[in-house]
Amino acid sequence: MAEIVGVSDGYLRQLSLDGLGPAPDIGASGRRSYTLTQINELRAFLASTRPKEGLKFWPRRRPGDKLQVLTVANFKGGSAKTTTSLYLAQGLALQGFRVLAIDLDPQASLSSMFGYQPEFDIPENATLYGAIRYDERRVPMKDVVRPSYFSGISIVPGNLELMEFEHQTPRHMLNNRGAAEDLFFRRVAAAIEQVEADFDVVVIDCPPQLGFLTMGALNAATGMIVTVHPQMVDVASMSQFLLMTSDLLTVIEEAGGALEFDFMKFLITRHDPRDVPEQEIVGLLRDIFGADVLAATAWKSTAIANAGLTKQSLYELSRGSVGRSVYDRAMESVNAVNREVIEQIARVWGRVP
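All values derive from a computational prediction rather than experimental measurement.

> Can you break down the overall build of the chain residue by residue, with the values?
Regarding its fold elements, the chain presents 14 helices and nine strands. Computed over C-alpha atoms, the radius of gyration of the chain comes to 21 Å, within 12% of the 20 Å expected from 2.2 N^0.38 for 353 residues, which places it in the range of a compact globule. Seen along its three principal axes, the alpha-carbon backbone of the chain occupies a region of about 70 × 50 × 45 Å. A buried classification covers 51% of the 353 residues belonging to the chain. Taking the contacts inside the chain whose residues are at least 6 apart along the sequence as the reference set, 76% of them involve residues at least 24 apart.

Next comes the structure, spelled out in structure tokens:
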């Protein structure tokens, strides 16, 4: 708790003894435990009592701060897009941000990780498709936003229904030529704008394809994270992804689309720092892209894989459940990646030089 909030454990203990801030549960051994909701209550309390450190404790958007829409993309499967989206959303929520996670992948793995089984729990017209479809059954964005069990995170779940947008868009474009205000690539951004006031950061898990949904997400994005597994086949695939994306985004810009990325970063995922060939590829990527590659890498970890077996993240498990040393190394990697992304957001909001 003290580490998450950024205070000493002694200070936190004294607050509890003085009856200040939220009251924790106290176990038989005297150990104090807090829920994430209480953590956010404490953040608000500290921001009000220590106003000079208000942004540190309560980093949410201020008036004039632009909503951050982060797309996690690559059209090669297995590059850890969903894992990155999950840990980024939860890491942001732990730091006090209001997060909207949007699952744009018809396979709906992100939805499953948040407890929504796509084939059972998501009825018709309850994915993002319901808010961006072309017919009279289109619904407001707020109707497809659902709460999650993770305090601070809401989710727009996905399922196979999302494929309808890929099928219906060509037909709509053929039948509605010249209707600029109704172009497909504006629809994701328009839907997000409807709930903009409720969130600080939107994290979009894109499908492993460069279709209409992904193009809509990229048009809505303020930041893009390209996940890269450091294997030569994956790097070659990423190269093709970037070339195709460049061509398609050029066409969208010519059609009136506004691409306003505040940052675009490459994230090395499933990285084994002891693997010499992988290290060589990581070095190659850093030589080519320089500072556009995040300094932190997401390590390959059995702890993350084991947590995923029960549809949980490491943020939800105790250290002993997956092995303390393995857990600590994995969490160090995850938190380092999240810190860099949060720093990018703070820079956009003018909070760091």
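Still more ground to cover, so stick around.
> Go over the environment of Leu88, please, and point to the residues and values.
As for its placement among the helices and strands, Leu88 is situated in helix α5 (residues 81-94). Sequence spacing of Leu88 and Ser246 is 158 residues, and the spatial spacing of their C-alpha atoms is 25 Å. The residues contacting Leu88, other than those within four sequence positions of it, are Leu70, Val203, Ile225, Asn338 and Val341.

> If you had to explain helix α13 (residues 302-309) to someone new, which residues and values would you point to?
Taken as a whole, α13 has its buried residues at Ala303, Ile304 and Ala307. Buried residues in α13, looked at end-on, bunch into an arc of 100°, giving them a common side. Exposed and oriented more than 90 degrees from the buried face of α13 are Thr302 and Leu309. Considering only its buried residues, α13 is in contact with α5 and α14 (324-348). The N-cap of α13, judged by a side-chain oxygen 3.0 Å from the amide nitrogen of Ala303 a few residues on, is Ser301. Count one or two residues on from α13 and you reach Lys311, which has phi positive near 55°.

> An account of the sheet that holds strand β7 (residues 201-205) is needed here, citing residue identities and associated values.
In spatial order, the strands read β5-β6-β4-β7-β3-β8-β9; together these seven strands make up an open sheet with mixed pairing. The outermost strands of the open sheet, each flanked by one partner alone, are β5 (146-147) and β9 (263-268). One ladder, built from five bridges, connects strand β4 (residues 99-103) with β7; its direction is parallel. Across the sheet, the residue bridging to Ala101 is Val203, located in β7. Most of the contacts of α5 go to β7, to which it runs at about 165°, and overall it touches β3 (68-73), β4, β6 (153-156), β7, β8 (223-228) and β9.

> Outline α5, supporting the account with residue identities and numerical values.
For α5, which comprises 14 residues, the first-to-last C-alpha distance of 20 Å matches the rise-based estimate of 20 Å (1.5 Å per residue) to within 8%. The buried fraction of α5 amounts to 13 of the 14 residues, a majority that puts the element mostly inside the structure. In the segment just after α5, Gly96 is the residue with positive phi, at about 100°.

> Tell me about the nonpolar core, residues and numbers included.
In this structure, Leu92, Val99, Phe114, Ile153 and Leu314 are the most contacted members of the largest nonpolar core, which totals 57 residues. Per-element accounting of this core gives the leading share, nine residues, to α14. Those residues within four positions of Val99 in sequence are excluded, and the remaining contacts are Ala89, Leu92, Ala93, Gly152, Ile153, Ser154, Phe199, Val201 and Val203. With 48 residues, the next largest nonpolar core counts Val188, Ala191, Val202 and Ala217 among its residues.

> Could you give an account of the pattern of salt bridges, naming the residues involved and the relevant values?
Going through the model one piece at a time under the given rule, you end up with twelve salt bridges. As a salt-bridge pair, Arg274 and Asp272 come within 3.4 Å of each other at their nearest N and O atoms. Owing to a relative accessible area of 74%, Arg274 belongs among the exposed residues under this scheme. Ionic pairing is found between Glu343 and Arg347, a salt bridge with its closest N-O pair at 3.0 Å. You can see Glu343 and its partner Arg347 sitting in helix α14, four residues apart, about one turn around the helix. Under the relative-accessibility criterion, Arg347 is labelled partly exposed at 35%.

> Can you explain the side chain of Asn125? Please cite residues and give values.
Checked against the element boundaries, Asn125 lands in the loop between α6 (109-113) and α7 (129-132). A distance of 2.6 Å separates the side chain of Asn125 from the side chain of Arg133, its partner in a polar contact. Excluding anything up to four places from it in sequence, Asn125 contacts Gly130, Arg133, Arg137, Val139, Val144 and Glu161.

> So what about the pairing of β8? Which residues, and what values?
Counting buried positions over the six residues of β8 gives six, a clear majority of the element. Here β8 shows two buried faces, one formed by Gly223, Ile225 and Thr227 and the other by Met224, Val226 and Val228. In this sheet, β8 lies alongside β3 in parallel orientation, the contact comprising four bridges. Each bridged residue has a counterpart across the sheet, and for Leu70 the counterpart in β8 is Gly223.

> Describe the packing of helix α11 (residues 232-254) against helix α12 (residues 276-289), naming the residues involved and giving the relevant values.
Two elements in contact, α11 and α12, have axes separated by 11 Å at closest approach and are oriented at 25°. Our classification of the angle between α11 and α12 gives roughly parallel. Every pair of crossing elements has a handedness; the one defined by α11 and α12 is right-handed. Of α12, the residues touching α11 (which contributes Met232, Val235, Met238 and Leu242) are Ile281, Leu284, Leu285 and Phe289.

Scoring rules and cut-offs
Residues numbered from 1 in each chain as written. Predicted model: local features only at pLDDT ≥ 70, side-chain atom pairs only at ≥ 80, totals over all residues. Heavy atoms only, no water. Helix = DSSP H or I, 4+ residues; strand = E, 2+ residues; numbered from the N terminus. Rg over C-alpha atoms; globule rule 2.2 N^0.38 Å. Buried < 20%, exposed > 50% of the residue type's maximum accessible area, 1.4 Å probe, protein only. Contact = heavy atoms within 4.5 Å. Arc of directions from axis to C-beta. Polar contact = N/O pair within 3.5 Å; in protein donor to acceptor, adjacent residues only side chain to side chain. Pairing = 2+ DSSP bridges. Axes fitted to C-alpha atoms, helices over the stretch in contact; angles between N-to-C directions. Expected span 1.5 Å × (residues − 1). Core = buried A, V, L, I, M, F, W, Y, C linked by side-chain atoms within 4.5 Å. Salt bridge = Lys/Arg side-chain N within 4 Å of Asp/Glu carboxyl O. Parallel < 35°, antiparallel > 145°, perpendicular 65-115°, else oblique. Left-handed = near helix turned anticlockwise from the far one by under 90°.

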